[in-house]
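Reading the structure
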Amino acid sequence: MTKRDFLSMEAWGRDGVERLLAEAARLKQAGTRGGLEGKVCALVFMDPSLRTRASMETAMFLHGGHAVILEPGKTSWTLETRPGVVMDGGTTEHIIEAARVLGRYADAVGIRVFPRGDQWAEARLDPILHDFARYCEKPVINLESTRRHPCQGLADALTLREHLGDTKGKRCVVQWTWHPKQLPTAVPASGAIAAAMMGMEVVIARPEGWALDPDDTATIRALCAEHGQQLIETDDPAAALDGADAVYVKAWGSVGLFGRPEEEAKAKAHLRDWRYTPAWQARTRGGAAKVLHCLPVRRNVEIDDAVLDGPHAVVIDEAENRLHVQRALLLDLIGGRTA
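Residues numbered from 1 in each chain as written. Predicted model: local features only at pLDDT ≥ 70, side-chain atom pairs only at ≥ 80, totals over all residues. Heavy atoms only, no water.

Moving on: the sheet that holds strand S1 (residues 40-45). What the 4 strands build is an open sheet, ordered S2-S1-S5-S6; its pairing is parallel. Two strands in the sheet have a free side with no partner beyond their single neighbour: strand S2 (66-70) and strand S6 (140-142). In this sheet, adjacent strand axes meet at a mean angle of 20° when their direction is disregarded. Here 3 bridges tie strand S5 (residues 108-112) to S6, and the two strands are oriented parallel to one another. In the strand pairing of S6, Val 109 is matched with Val 140. This element, helix H5 (residues 127-135), spans S1, S5 and S6 of the sheet and lies at about 170° to S5. (Pairing = 2+ DSSP bridges. Helix = DSSP H or I, 4+ residues; strand = E, 2+ residues; numbered from the N terminus. Axes fitted to C-alpha atoms, helices over the stretch in contact; angles between N-to-C directions. Contact = heavy atoms within 4.5 Å.)

Structure, rendered in structure tokens:
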């Protein structure tokens, strides 16, 4: 039997995503427990986490299972990820053995790994995520990689549906903001994919030079077209917000300047006014668009306090929904039943 990994939303298709969302909504309402008794999920965090770790651990606990937390280089051996390397340096264990061993111990394995290196052509392939899935015999869950954060995307989709009702034909703006760091494109790509799969018109507002990876843009465009909608890209944030029903605020790095943070910092030094303010919120439909962000958020850098603490921000609901969609996902993958 071929194992099922959860590496992206689009790989599961509309029906698979809808099944997970329906089960997540049911679990959230009913407070159902159990279903993962005796099950183990190993969570490998090669990069830091708050919501992902806490929500996955809680999900396993609520349903009777157990989560094993590993932080390579901290609570476990440092991992070598390069293929064919002579391991005479500082790394102790290769990802091949780590993935194979964890596949023998656990019923599912989650891995979180941010971009490495300075070449987008290599990083965009998400080699560590896909190698881990290749060598692990149990289902692998993407807890965020270079180009995808599908668990966040599921939570985004559930949040949009809860707050907008019928999402078809409504406008979701994925709004770039300035940030002092060079961040992955996984969240904006997955958020746009979630909105497209919900039948929404998707607008990506970003400065010139901050487009998503062309393949990700093509994926979002195709998903929009499946539902008779369109993808719009613009460098005019004000125009993008006109008529918006939801605004997903998120910073991300330039793929053209990937691995060159000093150059990117200079290129975006004049873009600090790309900050989500009450004036920007006022341009949305009735000034009442739902404001999303994956968190953590830099207050008054990405989004003003007045918006985050205002009546239209749904970031805490969005964060809570990470728990419920992951409960549904774990029950689907290793609970011995489909959601």
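Read on for the rest.
Below, the discussion takes up the nonpolar core. Membership of the largest hydrophobic core comes to 84 residues, with the highest contact counts inside it found for Phe 6, Ile 141, Val 202, Ile 220, Tyr 276 and Leu 330. Counting residues per element, this core draws most heavily on helix H13 (residues 315-334), at 9 residues. Those residues within four positions of Leu 330 in sequence are excluded, and the remaining contacts are Leu 36, Cys 41, Met 56, Ala 59, Met 60, Ile 141 and Gly 335. Membership of the second largest hydrophobic core comes to 20 residues, among which are Ile 95, Val 113, Ile 128 and Val 140. (Core = buried A, V, L, I, M, F, W, Y, C linked by side-chain atoms within 4.5 Å. Buried < 20%, exposed > 50% of the residue type's maximum accessible area, 1.4 Å probe, protein only.)

This part covers the pattern of salt bridges. If you walk through the whole model with that rule in mind, you get 29 salt bridges. Between Asp 215 and Arg 124 there is a salt bridge, and its shortest N-O distance comes to 2.6 Å. Separated by 91 residues along the polypeptide, Asp 215 in helix H8 (residues 214-226) and Arg 124 in the loop between helix H4 (120-123) and H5 bring together distant segments of the chain. By relative accessible area, Asp 215 is classed as partly exposed at 42%. Judged by relative accessible area, which is 17%, Arg 124 ranks as buried. Several salt bridges share partner residues, and in doing so they unite Glu 10, Arg 124, Arg 147, Arg 148, Asp 213, Asp 215 and Asp 216 into one network. (Salt bridge = Lys/Arg side-chain N within 4 Å of Asp/Glu carboxyl O.)

By themselves, these are just geometric observations and shouldn't be taken as functional.
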